[in-house]
Amino acid sequence: MDRLTTLVERFHLTVQAAALPQANLIALAGPDGAPEKVVFQTHGACDTTRADEVLFAARVAWSGQTNPLMAALPDVVEMTLTDHADTLSLVLLMQQEVEGRRCGAQSVVNRLGEALIVRLLRLQIERGTTKVGLLAGMADPRLSRAIVSIHDHPDKAWSNADLAAIAGLSLSRFSELFTQTVGETPMGYLRRWRLILARQDVARGDRVDAVARRYGYGSAESFTRAFRRAYGQAPTALRTA
């Protein structure tokens, strides 16, 4: 079960070298000058009071609050590199590219930065959280199976019973645990996920009726009503914005 690939593919992730005041991803040096910690400030820019310890700084963009996982992350995600030798090697490569400024360096930093962010997200999911939301659901080994099924197959006519079976829970226990952990019902999350994807599809130019069929709406009109309730405008407004 892959909890991250669909999210990474559906929401455009970019990592670019940036000046410290604009950066939300930094690598900090330890006493020996080697990379010691990576800090990802998910909401806002990084603290600049430790500027003398910053080895490199970058700006991460990952669709902001329209990305449900990004919205669910804590304000700060940190990784101590002494506990993760493989990620330390990745950070050292990024540092070399940023400092070397050789041709193609930005492309390399972007690709390595994507890998670094995935590692940070993976660690955050493994750590879990006590805060209600998507991150807590993805950290639960039972609920995460149902959530990944929703993410990977949004067009399927899911029922609570289907998702409960995937989670290996009784229907009543699944519905209760999902709502308590994620903060909305399974069907509520399914509807919200479909609308997030539908908004992306309409924004890139897909026909409204085709998008409505793709995500299980009985008609373009019913899709438009659901879209308007969620976003305060008709889907066609995205094309004129």
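The structure displayed is predicted, hence computed values, not measured ones.

Caption draft 1: Expanded view of the pattern of salt bridges. Under the definition given, this model contains twelve salt bridges. Across the salt bridge formed by K37 and E78, the nearest N and O atoms sit 3.5 Å from each other. Of the two residues, K37 is situated in strand β3 (residues 35-41) and E78 in strand β5 (residues 76-80); the sequence distance between them amounts to 41 residues. Owing to a relative accessible area of 33%, E78 belongs among the partly exposed residues under this scheme. Here R204 and D201 are joined by a salt bridge, their closest N and O atoms 3.4 Å apart. Note on R204: relative accessible area 56%, which makes it exposed. With a relative accessible area of 1%, D201 lands in the buried category.

Caption draft 2: Seen up close, the pairing of strand β2 (residues 25-29). Of all five residues making up β2, five are buried, and the element is well covered by its neighbours. Residue alternation in β2 divides its side chains into two sets, L25, A27 and A29 and I26 and L28, and both sets are buried. Sheet topology note: the β2/β3 ladder contains five bridges and is antiparallel. Among the inter-strand pairings, L25 is bridged to a residue of β3, identified as F40. Counted between consecutive antiparallel strands, the loop separating β2 from β3 contains five residues, among which G33 sits at a positive phi close to 85 degrees. Here β2 runs beside strand β4 (residues 54-61); their pairing, made up of four bridges, is antiparallel. Looking across to β4, one finds that A27 is bridged to F56.

Definitions and limits used
- Residues numbered from 1 in each chain as written.
- Predicted model: local features only at pLDDT ≥ 70, side-chain atom pairs only at ≥ 80, totals over all residues.
- Heavy atoms only, no water.
- Salt bridge = Lys/Arg side-chain N within 4 Å of Asp/Glu carboxyl O.
- Helix = DSSP H or I, 4+ residues; strand = E, 2+ residues; numbered from the N terminus.
- Buried < 20%, exposed > 50% of the residue type's maximum accessible area, 1.4 Å probe, protein only.
- Pairing = 2+ DSSP bridges.

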